[in-house]
Structures are given as C-alpha cells and as structure tokens.
Amino acid sequence: MTDAPGAAPDPAPGPGAVLVLGEALIDLVPTAEDAEAHLAQPGGAPANVATGLARLSTPSWFGGALGNDGFARSIERRLVSAGVELGLCARPDLPTALAVADPGPEGTGYHFHLQSTATFQLPRRTDVELFAAVYVGGLAAVVEPSASAVAAAARAAAAGTPLLVVDPNVREDRTLDSESGSGLLRELCELGQVVKASDEDLARLWPGSTPDETCRRLAAGGRLVVLTRGSRGSTAYTGSAEPVSVPAVQVEVVNTIGAGDAFMAAMITWMVSRGVHPGGAREFTPALAEEMLRFASQVAASVVAQAGTEPSLPAHV
C-alpha cells in the first residue's frame with residue numbers, strides 16, 4: 001500500500017481482519033410487479049461476502065476493483081455503509097460488469113456482461129500475511145485478468161499463515177471456457193484449508209464422483225469442507241470423523257439471492273472470532289462443526305426471509 005505525499009495513510013488491517021478477493025458487480029433482477037422491468041442492485045459473491053462480514057462485525061477488506069460509472073458509485077456506497085474497508089481497491093477508468101438474474105423454481109440463473117469492465121482488473125496482492133483469513137471465489141477466480149491475481153494470492157495464503165477460505169461458486173451460465181475455469185476452481189479447492197461448496201458445485205467440478213465422495217476426499221487432506229444443499233441444510237466434513245449435518249432454518253422464503261454468501265460470511269465470522277488458524281481446520285470436532293453450521297444457517301435465513309441480501313446476527317448472539 002502506498003500513499004500520495006501529504007495523504008493520510010490507509011488504515012492497516014487489525015486483529016481478525018479478513019481479505020476478500022473477487023468481483024463487485026451489478027445484478028439486474030426482475031421486479032415482482034413487472035417481469036420485464038429489472039432492478040439494479042449491487043452484487044457479486046465476493047462483494048456480498050465482504051458486506052456480510054462487516055454487517056456481522058468482522059473487519060472486512062475488499063480487494064477488488066471499482067469502475068468509474070454510476071453503478072460503481074452505488075456499489076461503493078453499499079460497501080462503505082456496511083463498514084467494508086476499500087483501501088485496497090483498484091479504481092480503473094472502466095464501466096461495471098452486469099449480471100442479469102433469471103430466477104426460476106430451481107434457483108437463480110445469471111447471464112453475464114463482463115468484457116472490457118473494471119470489475120476484473122484486480123491488482124496483485126503481496127500483503128496476504130497481514131490478514132487472519134483470505135477468501136477467494138466467484139467469477140474473479142476464473143475470468144482474466146483477475147483469475148491470475150486470485151490464484152497468486154491464494155497460493156501465497158496457502159503457503160503462509162492466513163486461513164484460506166474457498167467458495168468455488170460454479171455457474172454453468174458463465175461466459176468462459178468451462179474446462180479452464182473448472183481447473184482453476186479445482187486448484188483453489190485443493191489449496192484451501194476451508195472449502196464451502198454446494199452439491200451442484202462439486203458435481204460440476206468432479207463429475208466422476210458424488211458430492212459426498214468429493215467432500216470426504218478433500219477433508220481427508222486436512223481441510224474443513226462444508227457442503228450446502230439449500231433448503232435441505234448443510235453438512236461439515238472434518239478429517240476422518242463422520243460428517244455432521246444441520247437442517248436449514250425454516251422461514252418463509254422471500255429471496256434466495258445472496259443466501260449462500262451470507263452463509264459463507266457467517267462461517268468466516270465464526271472461525272475468525274474463535275481464532276481458527278490453518279492448522280486448526282484439521283482440529284475441528286463434530287461438536288464445533290455443528291455449532292458453526294447452526295450459526296451460519298441462522299444468518300443465511302436472515303437473508304432468505306427478506307427482499308435484500310444484507311445478513312444479520314441471530315438474536316441470541
């Protein structure tokens with residue numbers, strides 16, 4: 001981090017700070033009143049995670065890129081109002097990427113407009129050691145030029161002291177080379193000490209194995225692996241112990257966009273608040289895994305039960 005002469009220096013990450021690497025973009029979501037009309041709302045899985053962390057009172061630093069248009073200003077207002085630090089953000093003179101949401105009975109699909117945008121101009125990070133945890137995932141993990149920056153940071157984190165947390169967040173409707181993107185995401189999962197993935201993610205990345213088989217294999221390498229199944233709940237795999245499952249919290253479903261990112265932010269908040277380190281991912285007991293899953297499920301439910309994507313802490317925390 002460098003400062004202009006006379007400028008106030010950027011604040012340094014404090015204890016428990018989390019670096020979130022990835023994209024912040026705009027979701028164009030059909031309105032309830034008119035399916036032909038779309039509401040523009042800030043999104044992108046990493047930006048959602050960064051916002052969720054800050055809303056859950058975890059120091060959150062967004063290492064992405066924001067452009068020069070009105071959409072970028074809207075994204076910046078959202079991040080800043082949540083309490084996310086933007087001192088590590090790149091500011092290229094380019095427009096913001098768009099994701100057109102297509103909600104359906106099986107979930108929400110997206111059609112992306114990514115080319116020649118600011119969103120994927122991520123700078124190379126050499127400061128991952130300053131953070132308690134580093135999160136990687138989303139489109140930025142597979143779209144160049146950001147994919148190379150994300151991979152380099154992930155390799156540095158995996159070789160150092162931060163807790164590397166990976167969410168592959170696979171989408172079949174991405175405008176990218178599927179095999180190349182899948183290879184990058186598989187590498188990130190192998191590097192991570194903590195992996196959170198949906199059953200659809202794992203079926204697409206390792207089609208020759210069931211999601212359960214893939215989770216057991218990844219966990220056998222010393223990782224904490226969390227498998228999410230939407231309304232069917234979540235399961236944690238910890239080494240050679242039997243998996244621990246927790247049902248989803250039952251709420252009236254208003255919105256599913258951002259629920260998985262809220263779950264991810266809650267997992268990271270729970271781990272960082274308890275000082276889980278890279279080696280600690282190997283030491284998760286079934287009881288601890290269950291406690292974390294229940295907390296994350298409650299936070300995800302706070303998003304599902306409302307129209308927005310901003311999570312909140314459970315009332316008893």
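Residues numbered from 1 in each chain as written. Predicted model: local features only at pLDDT ≥ 70, side-chain atom pairs only at ≥ 80, totals over all residues. Heavy atoms only, no water.

Trainee: So what exactly am I meant to see when it comes to the packing of aromatic side chains here?
Mentor: The description of an aromatic ring pair rests on the distance of the ring centres and on the angle between the ring planes. Scanning the model with the defined rule gives two aromatic pairs in all. Ring geometry for Trp61 and Phe131: centres 6.1 Å apart, planes at 75°, overall edge-to-face. Of the two residues, Trp61 sits in strand β4 (residues 60-63) while Phe131 sits in the loop between β6 (107-113) and β7 (133-137), which places them 70 residues apart along the sequence. Ring geometry for Trp270 versus Phe284: centroids 5.8 Å apart, planes at 45°, classification tilted. Note that Trp270 is positioned in helix α7 (residues 259-273) and Phe284 in the loop between α7 and α8 (286-304), a separation of 14 residues in sequence. (Phe/Tyr/Trp six-rings, centres within 6.5 Å; stacked < 30°, edge-to-face > 60°. Helix = DSSP H or I, 4+ residues; strand = E, 2+ residues; numbered from the N terminus.)

Trainee: Even after reading the chapter, I still don't get the nonpolar core, so can you show me in this structure?
Mentor: Nonpolar side chains tend to gather and get buried jointly when the protein is soluble and globular. One finds Phe62, Leu224, Met267, Ile268, Met271 and Met292 to be the most contacted residues of the largest nonpolar core, which totals 50 residues. Among the elements that line this core, the one with the most residues is α7, at 10 residues. Membership of the second largest hydrophobic core comes to 47 residues, among which are Val29, Ala157, Val166 and Cys189. (Core = buried A, V, L, I, M, F, W, Y, C linked by side-chain atoms within 4.5 Å. Buried < 20%, exposed > 50% of the residue type's maximum accessible area, 1.4 Å probe, protein only.)

Trainee: Explain the side chain of Thr238 here, please?
Mentor: Considering the arrangement of structural elements, one finds Thr238 in strand β11 (residues 234-238). Accessibility expressed as a relative area gives 8% for Thr238, which makes it buried. Setting aside residues up to four positions removed in sequence, Thr238 forms contacts with Ala219, Leu224, Phe284 and Ala289. (Contact = heavy atoms within 4.5 Å.)

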